[in-house]
Amino acid sequence: MEHIDAMDELKNGIGLRAYGQKDPVVQYRFEGGEMFEEMNLQIKLEVAKIMLHIVRNQRTIKRESNVEITSEGFDNSALETVHLDKNTGLPQTGPSDSKPQPVVNQGPKVGRNDPCPCGSGKKYKNCCGKNQ
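No experiment lies behind these values; they were computed from the predicted model shown.

S.K.: How should I be thinking about the overall build of the protein chain in this particular structure?
M.R.: A tally of regular secondary structure across the protein chain gives three helices and zero strands. Helices (α) and strands (β) of the protein chain occur, in sequence order from the N terminus, as α-α-α. Scored against the burial criterion, the 132 residues of the protein chain give a buried share of 8%. Considering only intrachain contacts with a sequence separation of at least 6, the fraction spanning at least 24 residues in the protein chain is 14%. When the accessible surface of the protein chain is split by element, carbon and sulfur atoms take 54% of a total near 13200 Å².

In structure tokens:
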């Protein structure tokens, strides 16, 4: 707050610099910067004084966990996709017997300018294909 008040006083009195043939805007910028640096140095000094007067507590703090780990809500769906080796019981890292099948679209392929298969009478690109 002191810095804001000092900047306000500087703003009110900066016009007098024009009598000394100095640009008031440039002088305000220079003096305001110097005041800001001085304020930062004062803050650092006060923080250093506070840090030097801190008394460290010598007692030890025992941390206790308030969280209980339960299996409630445990989802086994991911375990169903893992194939375990029958001998070791570890997940298989090699290729499995079942390969993923590619997606095959049912029905005829519709071009952008063909009539829409939904029966609206519009072109596919202006109807069902608009959002794709």
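S.K.: I'm lost on helix α2 (residues 24-52) in this one. Help?
M.R.: Because each turn of an α-helix spans 3.6 residues, side chains separated by three or four positions in sequence point in the same direction. If you check α2, its first and last C-alpha atoms are 42 Å apart, about what 29 residues at 1.5 Å a residue would give, namely 42 Å. Within α2 the residues assigned to the buried category are Q27, E31 and G32. Buried residues along α2 sit against α1 (2-13).

S.K.: Any chance you could explain a negative patch on the surface here in plain terms?
M.R.: Together, E2, D5, E9 and E46 make up a negatively charged patch on the protein surface. The element contributing the most residues to the negative patch is α1, with three residues. Within the secondary structure, E2 sits in helix α1.

S.K.: Looking at this structure, I do not really get the pattern of salt bridges. What am I missing?
M.R.: Any two side chains of opposite charge can pair, given that their charged atoms come close. A full pass over the atoms with the stated rule returns one salt bridge. One salt bridge connects D8 with K11, and the closest N-O pair in it is separated by 3.9 Å. Placement of the pair is D8 and K11 together in helix α1, with a separation of three residues, close to one helical turn. Looking at D8, the relative accessible area reads 39%, which means it is partly exposed.

S.K.: Any chance you could explain the layout of surface pockets here in plain terms?
M.R.: Where empty space is left can be seen by rolling a probe of water-molecule size over the atoms. In this structure, the largest pocket occupies an estimated 180 Å³ of space. Lining the largest pocket are M1, E2, H3, A6, M35, M39, Q42, I43 and E46. Listing elements by their share of the lining of the largest pocket, those giving two or more residues are α1 and α2. For the lining of the largest pocket, the element with the most residues is α2, which contributes five residues. Grouping the amino acids of the lining of the largest pocket by side-chain chemistry returns five nonpolar, two polar and two charged.

Rules and cut-offs
Residues numbered from 1 in each chain as written. Predicted model: local features only at pLDDT ≥ 70, side-chain atom pairs only at ≥ 80, totals over all residues. Heavy atoms only, no water. Helix = DSSP H or I, 4+ residues; strand = E, 2+ residues; numbered from the N terminus. Buried < 20%, exposed > 50% of the residue type's maximum accessible area, 1.4 Å probe, protein only. Contact = heavy atoms within 4.5 Å. Areas by Shrake-Rupley, 256 points an atom, 1.4 Å probe, with all protein chains shown as cover. Expected span 1.5 Å × (residues − 1). Patch = residues over 30% accessible without salt bridge, like charges linked within 9 Å, V, L, I, M, F, W, Y side chains within 5 Å. Salt bridge = Lys/Arg side-chain N within 4 Å of Asp/Glu carboxyl O. Lys, Arg positive; Asp, Glu negative; His and termini not counted. Charge placed at Lys NZ, Arg CZ, Asp CG, Glu CD. 1 Å grid on protein atoms, 1.4 Å probe; cavity = no way out; pocket = protein on both sides within 12 Å on 5 of 7 lines; lining within 4 Å. Points joined across faces, edges and corners; volume = space filled by probe spheres on them. Nonpolar A, V, L, I, M, F, W, Y, C, P; charged D, E, K, R; others polar.

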